[in-house]
Amino acid sequence: MIRDDILRQRLEKARQKLYALQAKHGFSHASVLRQSVILDNLINQYNRHFYIKEKKPTA
């Protein structure tokens, strides 16, 4: 499974790329929409990772 810090770095890099693309092309450009999907997938992965982590029973 991916380490927490690596996942956070990927999220931040994807977010910054999305902002840069949006500033250059506007909201409805294909590259912005593709990057938005990439960021959404990373956010979902992050949420799944931490949801599972929190749900593990502690002994």
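The structure we're discussing is the one just above.
Residues numbered from 1 in each chain as written. Predicted model: local features only at pLDDT ≥ 70, side-chain atom pairs only at ≥ 80, totals over all residues. Heavy atoms only, no water.

Enquirer: Explain helix α1 (residues 4–25) to me, using residue names and the numbers behind them.
Expert: Compared with the 32 Å implied by 1.5 Å per residue over 22 residues, the 31 Å span of α1 between its first and last C-alpha is a close match. Taken together, the buried positions of α1 are occupied by Asp4, Leu7, Leu11, Ala14, Leu18 and Leu21. In an axial view of α1, the angular spread of the buried residues amounts to 125°, which keeps them on one side of the axis. Residues of α1 that are exposed and angled more than 90 degrees away from the buried face: Gln9, Lys13, Tyr19, Ala23 and Lys24. On its buried face, α1 is in contact with α2 (30–55). Glycine 26 sits one or two residues past α1 and shows a positive phi near 95°. (Helix = DSSP H or I, 4+ residues; strand = E, 2+ residues; numbered from the N terminus. Expected span 1.5 Å × (residues − 1). Buried < 20%, exposed > 50% of the residue type's maximum accessible area, 1.4 Å probe, protein only. Arc of directions from axis to C-beta. Contact = heavy atoms within 4.5 Å.)

Enquirer: Explain the pattern of salt bridges to me, using residue names and the numbers behind them.
Expert: Tallying each qualifying case throughout the model produces two salt bridges. A salt bridge links aspartate 5 to arginine 3; the shortest N-O distance between them is 2.6 Å. On the basis of relative accessibility, which here comes to 51%, the residue arginine 3 falls in the exposed class. Linking glutamate 12 and arginine 15 is a salt bridge whose minimum nitrogen-to-oxygen distance equals 2.9 Å. Placement of both glutamate 12 and arginine 15 in helix α1 is noted, with a separation of three residues, approximately one turn of the helix. In this structure glutamate 12 comes out as partly exposed when scored by relative accessible area, which is 34%. (Salt bridge = Lys/Arg side-chain N within 4 Å of Asp/Glu carboxyl O.)

Enquirer: How would you summarise the packing of α1 against α2 if you had to cite specific residues and measurements?
Expert: Where α1 meets α2, the closest approach of the two axes is 9 Å, and the angle between their N-to-C directions is 155°. With respect to α2, the axis of α1 lies roughly antiparallel. The element α1 and its partner α2 pack so that their crossing is left-handed. On the side of α1, the interface is formed by Asp4, Leu7, Arg8, Arg10, Leu11, Ala14, Arg15, Lys17, Leu18, Leu21, Gln22 and His25, while α2 contributes Ser31, Val32, Gln35, Ser36, Leu39, Leu42, Ile43, Gln45, Tyr46, His49, Phe50 and Lys53. Within the contact of α1 with α2, the residues separate by chemical class into 11 nonpolar, seven polar and six charged. (Axes fitted to C-alpha atoms, helices over the stretch in contact; angles between N-to-C directions. Parallel < 35°, antiparallel > 145°, perpendicular 65-115°, else oblique. Left-handed = near helix turned anticlockwise from the far one by under 90°. Nonpolar A, V, L, I, M, F, W, Y, C, P; charged D, E, K, R; others polar.)

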